[in-house]
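Observations on the model geometry
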Amino acid sequence: MPHLKKEFQVKAGDFVHAGKGSMQIQSTLKTIGYDPEIIRRASICAYESEMNIVMHGGDGTIYLTVDDRWIIIEACDDGVGIEDIELAFKEGYSTALEEHQEMGFGAGMGLPNIKKNADSVKVNSSKNKGTYINMFFRTDKNHG
Amino acid sequence: MGNTAKESKPFVYVQIDEKLCNGCVLCMKACPTKAIRVRDNRVARIQGVCIDCGECVRVCPRGAIKPIFVQSDEIEKDIFSIVSSSAVLYSQFGGDVMPNDILLALKRMGFNLVYDQGYTNEIFNVAVELHIKENRKKPDAPWPLISPICPVVVRLIAYRFPSLLKHIPPFLTPSEIVAREVKKRLSAKYGYKQEDITVFHITPCAAKMISMREPVLQTSSYLDRAIGIGQIYNTLKKNLHELTEDKVLHHSGGVGIGWGMTGGEIAGVNANCIAVSGISETIRYLEKIEMGLLHETDYVEFRICTEGCLGGPFTVADKYQAKHCLQRLVRMFGMEKRVKYEYVRDLYETGWFFTDQEAMPLEASSSYLSVAENIERQKRIDEVLQLLPRKECGACGSPDCHTFAEDVIDGSVSIENCVFLSHDKDKIRISGES
């Protein structure tokens, strides 16, 4: 069966529209009718990766691909990249600017939160080469 | 999921007068659940899940849409009649009329018993505080909790945000608690059968009726009839002028009275709370909660009407003037709760506040499809959407291009109904939907 694929553009530094893409992802997943708990986890990951692009990413795109057995969310950007991926997964570690932290973002919980909510995460990034995050969710455990 | 959900019933609680409706698109555009269509016969019709928010009633420039309500001549027929009222009623007659006068005037209208609900509101506030404290001890409790008071918000959650149902404390609303308690006490004291007692509730809310007939949070309502404030306004006003009695019926303080306006409920809750009102803000905040963004907040008071219940479709006074009036009453009666904490805790522990039913999602028709079928459907919808101009004009009779694409795929309308595409036959042929 061919999959449904959608993409959402994210602009760097655009805090006014930040979160719109993940809300659309959430609404698409709801229309398809997945288990609410899986939708919740996927939306949190979409939101965290969208905020990462807004804060560090340069411009980027989030791709949503869905099947009846799984959901994949991919976030790509051409921004500053991640120097030490292992460190970025540590709770509280943040490279966010002070002004972002004053807005209540950049608490160093982005990637840790993604790891907690996705069934598997792959990160491909190096300094100044942009970032690619692949988040995978199994959906078939509640739909036999 | 499908088999546990309540099926949406065909009964709709608003009526569209076909003689007055000219088929404009305002109600269709305003409907938050996209339940209205304006098809070939040029009259608006309701076909989806109605949450009875009253938006269509409010926007209709011709007064063609009316909620279905109890007729006021039904009041006299009952053996024993009790009336309770939303605190909004206290704000409808200007600054000189006191709550007690209004309650006395209600008594003059022939109700056997008039009950001031404001006091129960204050008790309810304490129960919410207890519930917050209890849940904060549980590691996996959902946050924030969501007020169960606004019936439209509850239905909106059951329909569009079912994952948030567990955020609603399983509490009966104060008007339900009042109805249950007075019925219980009267039948114990005077030996009336419970079914011979009729509890009326005076309300500014267009959704009260639906929340009584098909409650989401309980199996059946203790309230028997809803009366819109506008329906009894003139009779009540006449009785207000003729008052001679001097009896105290009003007991609540400012906390209970303040419930009529946005922020009024949470003013009585000592915790980290926010109040949100208006339909678009409510939806925006529910989306935020669904993404886990507000988990540090304890309790959110949502009211679908702007400014809270004061802005309900059945009010008579202007909502901002009514607010001024209510704020004055709140100052006059004071913001200290006059409820004994220990007394409420005992009630809470015996389950006095709790409902008898777990909230169930209300589902739209597409949710009966399997996930695979829905993905297929979404893809076809996207294909149609690619052809549409995205002007969101509503001239096709569907509220926006996306909903039109859904309607085309579901077979309820032809793609030729798009006024832009009908000039562009080539595109229609490519889509194969003509």
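Residues numbered from 1 in each chain as written. Chains lettered and ligands numbered in written order. Predicted model: local features only at pLDDT ≥ 70, side-chain atom pairs only at ≥ 80, totals over all residues.

A count of helical and extended segments in chain B gives 15 helices and 11 strands. The C-alpha radius of gyration computed for chain B amounts to 24 Å, which stays within 12% of the reference 22 Å derived for 434 residues, consistent with globular compactness. With the C-alpha coordinates aligned to their principal axes, the bounding extent of chain B is approximately 80 × 55 × 40 Å. Sequence-distant contacts, at least 24 apart, represent 76% of the contacts inside chain B between residues at least 6 apart. (Helix = DSSP H or I, 4+ residues; strand = E, 2+ residues; numbered from the N terminus. Rg over C-alpha atoms; globule rule 2.2 N^0.38 Å. Contact = placed C-beta atoms within 7 Å.)

This part is about the overall build of chain A. Each helix and strand in chain A was counted, giving five helices and five strands. Going from N to C terminus, chain A has its helices and strands arranged as β-α-α-β-β-α-α-α-β-β. Rg of the C-alpha trace for chain A: 15 Å, near the compact-globule value of 15 Å for 144 residues, within the 12% margin. Dimensions along the principal axes, computed over C-alpha positions, put chain A at roughly 45 × 30 × 25 Å. Out of the 144 residues belonging to chain A, those deemed buried represent 36%. Counting contacts in chain A only where the partners sit at least 6 residues apart, residues at least 24 apart contribute 63% of the total. (Buried ≥ 20, exposed ≤ 12 C-beta atoms within 10 Å, placed from the backbone.)

Time to look at the nonpolar core. The biggest cluster of nonpolar side chains holds 112 residues, and the ones touching the most others in it are Ala127, Ile157 and Leu326 of chain B. Two domains share this core, each providing at least three of its residues, namely domain 1 (10-67) and domain 2 (72-349) of chain B. Leaving out residues up to four positions away in the same chain, Ile157 of chain B has contacts with Leu164, Leu165, Ile168 and Leu286 of chain B. Within the second largest apolar cluster, 31 residues are counted, among which are Ile38, Cys45, Ile62 and Ile114 of chain A. (Core = buried A, V, L, I, M, F, W, Y, C linked by C-beta atoms within 7 Å. Domains from an automatic or database assignment.)

Once that is clear, we can look at the confidence of the model for chain B. For chain B, mean pLDDT is 85; residues scoring 70 or higher make up 91% of the total. For residues 1-10 of chain B, every residue scores under 50 in pLDDT, and the model assigns this stretch 13 contacts once sequence neighbours within four places are set aside. (pLDDT = per-residue confidence, 0-100.)

A word on the pairing of strand S10 (residues 273-277) of chain B. All names here are of chain B. Bridge count between S10 and strand S11 (residues 299-303): five bridges; the pairing is parallel. For Val276, the partnering residue across the bridge sits in S11 and is Phe302. Remark: the S10/helix H10 (residues 279-290)/S11 crossover connection has right-handed handedness. (Pairing = 2+ DSSP bridges. Right-handed = clockwise from strand over helix to strand, strands pointing away.)

Let us look at unusual backbone geometry. Residues and elements named next belong to chain B. With omega at -5°, the peptide bond leading from Trp143 into Pro144 counts as cis. Looking at the secondary structure, you find Pro144 in the loop between helix H4 (118-136) and strand S7 (145-146). With phi around 50°, Lys34 is a residue other than glycine that occupies positive phi space. With respect to the secondary-structure elements, Lys34 resides in the loop between helix H1 (26-30) and strand S2 (36-38). Accessibility expressed as a C-beta count within 10 Å gives 19 for Lys34, which makes it partly exposed. Unlike most non-glycine residues, Arg390 shows phi in positive territory, near 55°. Locating Arg390 in the fold gives a position in the loop between helix H13 (371-387) and helix H14 (401-409). For Arg390, a count of 11 C-beta atoms within 10 Å puts it in the exposed group.

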